[in-house]
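Structural features, examined
Here are the chains, one letter per residue:
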Amino acid sequence: MRRFFAWVDDRTGIAKLTREALFESVPGGARWRYVWGSTLSFAIMVQFITGIFLWMAYSPSATTAWESVYFIQNEMTLGWLLRGIHHWTAQIMVILLVLHLVQVVIDSAYRAPREFNFWFGVILLFITLAISLTGYLLPWDQKGFWATKVATNLAGIIPFIGDDLQKIIVGGSDYGHHTLTRFFALHAGVLPGALVALVVVHIYLFRRHGITEAKPATRASALYYWSLLGFVFGTLTILAFVFEDATKQWVPRSICGVFLAIAARIFFLVFRGKDDDSAARPKRDGMFWPDQILKDAIACVAVMAAVLFFVFRQGTGLTPPADPSQPYNAARPDWYFMSLFQMLKFSAFEGAVGLVIGAIVVPSTLVTALFLMPLIGKSKTGHWINVTMLYGLIGGFLILTAMGFNHDANDAEYKQGVANAHTEADRLKELISIKGGIPPEGALTLVYEDPKIRGARLYAAHCSSCHPHGGKDGMGGEVKEPSAPDLKGVGSKEWIAGLLDHEGYVGPKYFGNTKFRKGKMADHLLDLDMLPEEIEAVSAALAYEAKVYGYSTPEGGQELIDSGFDLMFEDLECSDCHGIDGEDEGSGPSLTGYMSRDWMVRFIGDPTHDDFYGKKNDRMPSFLVAMQEDGNMSDGELSREEVELIVGWLREEWPRADGKVR
Amino acid sequence: MNEEETENFVPDKKPDPQPKETERREFIAKAVSIVAGGAIVSIPIGTGLATLVAPLFKEGQGGVKIRLASVEDLPLGGPPKLYQVVAERTDAWTKYPEKPLGSVFLRRKQGGEIEAFNSSCPHAGCSVGYRSKEDEYYCPCHESIFNLDGSRGDPCVSPRGLDSLEVDEERLGEGDVWVTFRNFAAGIEEKKAI
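Report on the accompanying structure. Values in this document were obtained by computation on a predicted structure and should not be read as measured data.

So, about the environment of G579 of chain A. All names here are of chain A. Mapped onto the elements of the fold, G579 is located in the loop between α24 (574–577) and α25 (597–605). Residue classification places G579 among the buried residues on the basis of a relative accessible area of 1%. Residues G579 and R602, spaced 23 residues apart in sequence, show a C-alpha to C-alpha distance of 15 Å.

Here's what the structure looks like:
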């Protein structure tokens, strides 16, 4: 065995290499502030490992990307954990990068001879951001799709080359298969390759120059370091509390906790510092192994713990599949681009020129400033300029980000969009389990064929300008001026009973906002002043015609229904004006099969038909082209299929887990 | 710097008063680093490997029961006929409405009994054909012959005879041939469903 190792070592020099790697001396002793580089390396490693395993299950095309991610998330053994770790490590990596940068700048580790390493580091920062940006699209869900659309459109405004650049990135002028294949190749091939190459150079250079010894840890320098940390967390705490409703409760609390801990440390330094041992750290050198590695390992454990915390606590979302025809008004970039997104809302960046300034000139100026830091920082003042600049940048970043989230938290439309994405995603999950899988054409077809999702969308788009649905637009949004009956529960016994009551009929829930408030029917109802028993019987009879989902024979049984029909034909004289039970005649809309699927489809198709409102029709548009003699209708503003979907949604007839549709 | 030095690393600036203590602390530091490092690295690797080997623990989709013919289609004592098996099938997330899964030889023996064979060769999975002149099954890939009852003929490099499939007796009584279609592992002696 020994000889084998000796042989391997002889041919490869591995022992020397490991020795050099491990037994590097750390001047001034191991320090917590040196851990950021190692935690970053660890995070990169985690991303490579989880990324490669995800790669084994991911399929980049417009009809399989979402589907394969869905499968990873919901069906594959531990797939949710794999994806969760990958997702959340990516988020935390950004934070670690910033902390690393802060540490380097504070310790002026960018000074000669380490300028190049600083520049490589900054490039690494941007490669990481690019990997995140490309990764955001890969699930091909609504959130990633629309956010990426915004990002690539921004690339499109770069003067002169923008248009072509955008086409190259997107793989054409439309988003599709090739957008995904390109993004995936960038995300999993080109960019990580560049990342690895640069990390190797970065670490090589770092080893070449050795660690930059932080100023010997005197009380003053510790005070300086801790008060900077205190500044960051202090700002964060203030922001978190100012915008408390913007975030979940535990966010401001935990930030505040960290701040208090830092404050306690500062307090300790100031008042007990004189006899504080740790402030007068022994100046002896430490060893990379195990002194520094122990600290690194503990920091990495903390990183992993944070990642797992988020995986279990927040989960890893997947909004419905990308749909270019269904704008997603909750599209937002990932949080670390939120500040840029928010900045573009300022009036200073209005218009085409403003956009170029806000999205290109300002960011590139900041990047240039970052690159110039090693040159600026040559002198003591320069160093102070750098530190101030960095904190200004971080402060600005934090404030803008908080503003962005705060805006969203108070934006009803945004919140509704997020809520709808959740309900639709849950519904889709249910549908997939009902159908036992996803059709080869992709999950979007399931969305398009589902009355519950699609019917609501169509209703919101085509009907809610006049008809509310439970007071909302069908998708939880507000309706401005309802001017037609509220169709929630349409065709149910309760809904019909409400209509038959005169108060109700002329009220806002039914015909109060139409010209029929003063129509024949209203007059008739006023004259009749029906008894509750009569309303009960007639609504039972009409609900029997409608038979919406959840219909069951009423308590009074078939007798009640029959008595309802009798009343309509005789005492109440309904049949004078309405066709009932196939006997079509009269000035009022036919009540034969009232609010049944067929009645509704025909009505929505053409309410001006003589079976319905005829010439008296108020404003209700004909959504299909006029009914022919044989009752056929061709597609108009909507297709027949779409009308069926709306009707299915109104009648609540959609596939359910128990197999029932109707 | 040589290994000796590093191993007994003693701070160079001031002599350590308690070398034993330092040694112990160093040992604990090393142990903790290795354990902690190993633990956190094993989380992503372990999760990834779990997803990777998960197929080992998943049941196959089992057989598909399907009607292939009516009894009358098969002449008594006549030659075998080949039927394509088309059925719904899921592939990871995709559910295919109808997808060809393979094909089956059906033959009604003299006694009226119905015999069904998966047409996939148990040797390497090629498609076995029927030669009417010789009245035998023949696999063109490696020139193997199977007798009409499915047993190995001569020559035959396949480790086992053709794989028979289950025929639903009850439905036969109603005049329909229902077969439970399955695929079996190729290249081994044992007939193992996959």
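All names here are of chain A. Counting 59 residues, the largest nonpolar core has W495, L499, M568, Y594, M595 and L650 as its most contacted members. Where this core is concerned, the elements lending two or more residues are α18 (451–462), α19 (493–500), α21 (520–528), α22 (532–546), α23 (557–569), α25 and α26 (640–650). It is α22 that provides the largest number of residues to this core, a total of eight residues. Dropping the residues within four chain positions of it, L499 is found in contact with Y505, Y510, F511, L525 and Y594.

The next subject is helix α9 (residues 177–209) of chain A. Structural remark: α-helix, 3.6 residues per turn; residues separated by three or four positions point the same way. Residues and elements named next belong to chain A. When the terminal C-alpha atoms of α9 are compared, their 46 Å separation across 33 residues agrees well with the 48 Å that a helix rising 1.5 Å per residue should span. Along α9, the largest kink reaches about 40° and is centred on L186. Listed in full, the buried residues belonging to α9 are T179, L180, F183, F184, H187, L191, P192, L195, L198, V199, H202 and L205. Buried residues along α9 sit against α3 (35–55), α4 (65–74), α5 (79–106), α6 (115–137), α7 (142–156) and α8 (162–170).

Turning to a nonpolar patch on the surface, a few remarks are in order. On the surface, I52, W55 and M56 of chain A together with I45, L49, L52, V53, L56 and F57 of chain B cluster together to form a nonpolar patch covering roughly 910 Å² of accessible area. For F57 of chain B, the position within the fold is in the loop between α2 (19–53) and β1 (64–70).

So, about the state of the cysteines. Residues and elements named next belong to chain B. Under the defined criterion, the tally for this structure stands at one disulfide over all chains. The residue that forms a disulfide with C126 is C141, at a sulfur-sulfur distance of 1.9 Å. Handedness here is read from the sign of the S-S torsion; for C126 and C141, about -100°, the answer is left-handed. On the criterion of sequence distance, the pair formed by C126 in the loop between β4 (114–118) and β5 (129–131) and C141 in the loop between β6 (136–139) and β7 (144–146) is long-range, its members being 15 residues apart.

Residues and elements named next belong to chain A. Relative to the elements of secondary structure, R457 occurs in helix α18. Within the local environment of R457, its side chain forms a polar contact with the side chain of E424, the two groups lying 2.7 Å apart. Leaving out residues up to four positions away in the same chain, R457 has contacts with D323, Q326, E424, V447 and M475.

Cut-off values and rules
Residues numbered from 1 in each chain as written. Chains lettered and ligands numbered in written order. Predicted model: local features only at pLDDT ≥ 70, side-chain atom pairs only at ≥ 80, totals over all residues. Heavy atoms only, no water. Helix = DSSP H or I, 4+ residues; strand = E, 2+ residues; numbered from the N terminus. Buried < 20%, exposed > 50% of the residue type's maximum accessible area, 1.4 Å probe, protein only. Core = buried A, V, L, I, M, F, W, Y, C linked by side-chain atoms within 4.5 Å. Contact = heavy atoms within 4.5 Å. Expected span 1.5 Å × (residues − 1). Bend = angle between axes of the 7 residues up to and from the residue. Patch = residues over 30% accessible without salt bridge, like charges linked within 9 Å, V, L, I, M, F, W, Y side chains within 5 Å. Areas by Shrake-Rupley, 256 points an atom, 1.4 Å probe, with all protein chains shown as cover. Salt bridge = Lys/Arg side-chain N within 4 Å of Asp/Glu carboxyl O. Disulfide = S-S within 2.5 Å. Polar contact = N/O pair within 3.5 Å; in protein donor to acceptor, adjacent residues only side chain to side chain.

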